[in-house]
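# Fold and contact review
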Number of protein chains: 2
Amino acid sequence: MATTDKASTRDRLLDAAAELFYRDGVSIGVEALCRTAGVSKRSMYQLFDGKDDVLAASLARRAPGYAAQLTPGPGDAGTPRERILYVFERAEALSAAADYRGCPYLAALVELKDPAHPASVVAREAKERLQGAFRTQAERGGAEDPAFLARQLMLVFDGASARAGSGIETLDGLATTTAAALLDAAGMRAPGERTAAGDR
Amino acid sequence: MATTDKASTRDRLLDAAAELFYRDGVSIGVEALCRTAGVSKRSMYQLFDGKDDVLAASLARRAPGYAAQLTPGPGDAGTPRERILYVFERAEALSAAADYRGCPYLAALVELKDPAHPASVVAREAKERLQGAFRTQAERGGAEDPAFLARQLMLVFDGASARAGSGIETLDGLATTTAAALLDAAGMRAPGERTAAGDR
DNA sequence: CGGCGGAGAAACCGATCGGTGTACCGGCTC
DNA sequence: GAGCCGGTACACCGATCGGTTTCTCCGCCG
């Protein structure tokens, strides 16, 4: 077999951690975590400082893939408006899954109410990267106040993911349409269309 | 002294529960809860079926006051637009407090990931009442699609409260301005003004 | 006055919490 | 073959979990 016949102990642990923390919340126990990862507690405590460290590392590890899942690649074409709306379309597509529980980074921030928690720091950075991507596209698109628009879009994004993840909202175009309305209001109109409200 | 020299056992317990669950999350222990409430565990288990029941009851008890804190009274004047924006202004004012942790009902839904949990049911009802209030005002204000607008406003409301409660956003007019932009887009313009973007 | 019910204090239950200590095992390199 | 090293297995630590039991006391009502 190849050298990848079995993922490293560290990778197995982080993968299981990402899934369990996301599905069951940060209160999941170390015992259950190690059991499903197929890793002994002894190994876990040799690789990490403790449960908090594992949580932070598992969030950090998923960050690049999470961003890639939501944002168009740098090579992909598209106007700034399209690139922004793409994020909301992707988020809505992901939220349709039965096991969707919202943005893992926002969920972590809400569950661990301590902003100084190492995992909170990682989560905050992930959210700031998305906000920065919004801002960059808003600037390119000639928005009146790109930083402000980016903050507005984050409101919609996090509201949508939290509500969809909690099962109290189905989205279904809601987030994308709302984002489009905000782009319109900020002067980032679609070239050939009138307003976002028109095609609702 | 009057008969209110001391709150009833039940009330003391629910008040402490509301505060501790909000501040520390639903993982707070029954032991700590009863200790700060000055109530014996024995009494708690006579009054309630268990911790889950206490949580649900504490959320339900706070719901009327929470709604009154956010929404203008039925006697208060104001156009539908003003009545909607008032909610966001109030939410922003509350979010300025140092111990603000976001909407307690959304937080409960996120933390207990189980939609069937009794407290999740209570929380969902509270959120639906706010959404219903938005919808009523949207109808009165002649919005193009009142139900859709109400869902959009909930996105902004929950996004704002979650982000402000997590300490990654300061609001500061952000939520109100965003809501106003959505009202504009839905045809609920302010009488004498041009657009919400103009006074940002 | 006597008694009765509500409530508190505290011990207790088995289970689990996050975290360690110890012993053992297989494979790797010298 | 010796030794080390990453890993597993497992018992163990004190603390806490949600929940129950027992006993006692206090205030209220008859």
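In the annotation of an unreviewed UniProt entry, chain A is listed under the name TetR/AcrR family transcriptional regulator and assigned to Streptomyces doudnae.

Quick look at the relation of the copies chain A and chain B now. Least-squares fitting of chain A to chain B yields an RMSD of 0.0 Å, with the transformation described by 0.0 Å of translation along the axis and a rotation of 180°. Between the two chains, the operation in question is that of a two-fold axis. Relative to the rotation axis, the C-alpha of Gly159 of chain A is the closest in chain A, positioned 1.8 Å from it. Both copies present the same face, since 98% of the interface residues in chain A are matched by interface residues at the equivalent positions in chain B.

All names here are of chain A. The phi dihedral of Leu171 falls on the positive side, at around 55°, and the residue is not glycine. Among the secondary structure elements, Leu171 is positioned in the loop between helix H8 (146–166) and helix H9 (174–185). On the basis of relative accessibility, which here comes to 3%, the residue Leu171 falls in the buried class.

Attention now moves to the pattern of salt bridges. Under the definition given, this model contains 22 salt bridges over all chains. Put simply, Glu169 of chain B and Arg151 of chain A hold a salt bridge, and the shortest N to O gap is 2.6 Å. Here Glu169 of chain B is found in the loop between helix H8 (146–166) and helix H9 (174–185), whereas its partner Arg151 of chain A is found in helix H8 on a different chain. Assessed through its relative accessible area of 23%, Arg151 of chain A is described here as partly exposed.

Across the boundary between the two partners, chain A contributes 43 residues, which contact 42 residues of chain B. Summing both sides of the interface, chain A and chain B together bury roughly 3600 Å²; the carbon and sulfur share of this comes to 63%. Summed over the shared surface of chain A and chain B, the number is 6 salt bridges. The shortest N-O distance in the salt bridge between Asp158 of chain A and Arg163 of chain B comes to 2.4 Å.

Turning next to the protein's contact with DNA strand C. Close to DNA strand C lie 16 residues, the nearest being Val30, Lys41, Arg42 and Lys51 of chain A together with Ser43 of chain B. Among atoms of DNA strand C positioned within 4 Å of the protein, sugar and phosphate together represent 54%. Gly38 of chain B is positioned such that a nitrogen or oxygen atom in its backbone is 3.1 Å from a phosphate oxygen of DNA strand C. Within the residue set of the surface near DNA strand C, elements represented by two or more residues are helix H2 (30–37) and helix H3 (41–47) of chain A together with helix H1 (9–24) and helix H3 (41–47) of chain B. Looking at which element gives the most residues to the surface near DNA strand C, the answer is H3 of chain A, with 3 residues. Tallied by class, residues from the surface near DNA strand C come to 4 nonpolar, 6 polar and 6 charged.

Rules behind the numbers
- Residues numbered from 1 in each chain as written.
- Chains lettered and ligands numbered in written order.
- Predicted model: local features only at pLDDT ≥ 70, side-chain atom pairs only at ≥ 80, totals over all residues.
- Heavy atoms only, no water.
- Least-squares fit on C-alpha atoms with pLDDT ≥ 70 in both.
- Contact = heavy atoms within 4.5 Å.
- Helix = DSSP H or I, 4+ residues; strand = E, 2+ residues; numbered from the N terminus.
- Buried < 20%, exposed > 50% of the residue type's maximum accessible area, 1.4 Å probe, protein only.
- Salt bridge = Lys/Arg side-chain N within 4 Å of Asp/Glu carboxyl O.
- Buried area = accessible area lost by both parts, 1.4 Å probe.
- Near = heavy atom within 4 Å.
- Polar contact = N/O pair within 3.5 Å; in protein donor to acceptor, adjacent residues only side chain to side chain.
- Nonpolar A, V, L, I, M, F, W, Y, C, P; charged D, E, K, R; others polar.

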